[in-house]
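Listed below, chain by chain, are the residues.
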Amino acid sequence: MTTLLIADDHPLFREALRGAVQRLLPDAQLHEADSVDALYAMVEANPDADLLLMDLNMPGAHGFNALVHLRAAHPQLPVVVVSAREEAAVMRRALDHGALGFIPKSADSATIATAIGQVLDGERWAPEEALAAPGIGHDERETAQRLRELTPQQFRVLQMLGSGRLNKQIGYDLGVSEATIKAHVTAILRKLGATNRTQAVLMAGRLSLDPDSLVLPEDE
């Protein structure tokens, strides 16, 4: 039985994706998530899933960071990005960061089904303009490679730093001590080659969709 995962915070669009999948694969088993945290839990619970359809803009998401993290942690899981961000450069960046496909949310159900079927067959699918766009630069590629070295917990801490959270706030949210968070931050800085929290967030911001929206952390 084919297992597909859908991650999108808009119920109506999850319903549209569900309908497209069910027309293509009536017997498919579907699981859904509406946030990045729920997405990670869903992937952990379904390690043998055949395909993940994920939006870029969900609660807890920061550009392509979640995509990069998932491709590193679960390289066996094919990922197709489904997004309203339909600029050729955004689509190409998703492909360069490991997505096997990019489906614009403006696509009709027939196109969605074609794309899903093609990726399930082991091929890549994206609009022609995405394939023709310039690839990502050296700095963004290098940052993505360094982010892949973070453990899942370190990645969560970095995401929270990017939301402006303090160590004690992150510790409270994750149910661990502030000292543990400080240790995670030290490891994050070492793996990213950053000298402080602000620099680490700026580096991760290279994978953002809108770098101007970054929230820089306070020094501690």
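Looking at an unreviewed UniProt entry, the protein carries the name Response regulator transcription factor, with the source organism given as Pseudoxanthomonas helianthi.

Broken down by element type, the protein carries eleven helices and five strands. Relative to the 2.2 N^0.38 estimate, which gives 17 Å for 220 residues, the radius of gyration of the protein is 18 Å and therefore close to what a compact globule would have. Taken along its principal axes, the extent of the C-alpha atoms in the protein is 55 × 35 × 30 Å. The proportion of buried residues among the 220 residues of the protein is 50%. Long-range pairs, those at least 24 residues apart, make up 65% of the contacts in the protein with a sequence separation of at least 6.

Quick look at the nonpolar core now. As a rule of thumb, soluble globular proteins bury nonpolar side chains together. L39, L52, M54 and L158 are the most contacted members of the largest nonpolar core, which totals 50 residues. If sequence neighbours within four positions are ignored, L158 has contacts with L147, L150, I188, L192, A200 and A204.

Per the stated rule, a full pass over the model turns up one aromatic pair. Ring geometry for Y40 and F155: centres 6.4 Å apart, planes at 70 degrees, overall edge-to-face. Taken together, the residues Y40 in helix α2 (residues 36-45) and F155 in helix α8 (residues 152-161) connect sequence positions 115 residues apart. The residues Y40 and F155 share a single accessibility class, namely buried.

To continue, consider the UniProt feature "modified residue: 4-aspartylphosphate" (unreviewed entry) in the protein. The feature "modified residue: 4-aspartylphosphate" (unreviewed entry), as annotated in UniProt, sits at D55 in this numbering. The exposure class of D55 is buried, given its relative accessible area of 3%.

On to the UniProt feature "domain: HTH luxR-type" (unreviewed entry) in the protein. Under the local residue numbering, the UniProt record ascribes the feature "domain: HTH luxR-type" (unreviewed entry) to residues 143-208. As a span, residues 143-208 carries 70% helix and 0% strand, and end to end its C-alpha atoms are 11 Å apart.

Turning next to the pairing of strand β1 (residues 3-7). Counting buried positions along β1 gives five out of five residues, so the element sits mostly inside the fold. Taking every second residue as pointing to the same face, both faces of β1 are buried, with T3, L5 and A7 on one and L4 and I6 on the other. The pairing of β1 with strand β2 (residues 29-33) spans five bridges and is parallel. Within β2, the residue paired with T3 across the bridge is Q29.

Glancing now at the side chain of T143. With respect to the helices and strands, the residue T143 is situated in helix α7 (residues 138-147). With near-sequence residues (within four places) excluded, T143 lies in contact with M203, A204, R206 and L207.

Between α8 and helix α9 (residues 167-174), the least distance of the axes is 10 Å, while the angle of their chain directions is 130 degrees. The angle between the axes of α8 and α9 places the two elements in the oblique class. As for the relative orientation of α8 and α9, their crossing is right-handed in sense. Two secondary-structure elements touch here, α8 through Q153, V157, M160 and L161 and α9 through N167, I170, D173 and L174. For the contact of α8 with α9, the residue count by class is five nonpolar, two polar and one charged.

One pass over the structure, following the stated rule, counts nine salt bridges. E32 is paired through a salt bridge with R18; the nearest N and O atoms lie 2.4 Å apart. Of this pair, E32 sits in strand β2 while R18 sits in helix α1 (residues 11-24), and the two are 14 residues apart along the sequence. For E140, the salt bridge is made with R93, and the minimal N-O distance between the two is 2.9 Å. With E140 in helix α7 and R93 in helix α4 (residues 88-96), this pair connects stretches of sequence that are 47 residues apart. Just as E140 is buried, R93 falls in that class too. Through salt bridges with shared partners, one network takes in D8, D55 and K105.

Cut-offs used in this document
Residues numbered from 1 in each chain as written. Predicted model: local features only at pLDDT ≥ 70, side-chain atom pairs only at ≥ 80, totals over all residues. Heavy atoms only, no water. Helix = DSSP H or I, 4+ residues; strand = E, 2+ residues; numbered from the N terminus. Rg over C-alpha atoms; globule rule 2.2 N^0.38 Å. Buried < 20%, exposed > 50% of the residue type's maximum accessible area, 1.4 Å probe, protein only. Contact = heavy atoms within 4.5 Å. Core = buried A, V, L, I, M, F, W, Y, C linked by side-chain atoms within 4.5 Å. Phe/Tyr/Trp six-rings, centres within 6.5 Å; stacked < 30°, edge-to-face > 60°. UniProt positions renumbered as here; feature names shortened; annotations may be inferred. Pairing = 2+ DSSP bridges. Axes fitted to C-alpha atoms, helices over the stretch in contact; angles between N-to-C directions. Parallel < 35°, antiparallel > 145°, perpendicular 65-115°, else oblique. Left-handed = near helix turned anticlockwise from the far one by under 90°. Nonpolar A, V, L, I, M, F, W, Y, C, P; charged D, E, K, R; others polar. Salt bridge = Lys/Arg side-chain N within 4 Å of Asp/Glu carboxyl O.

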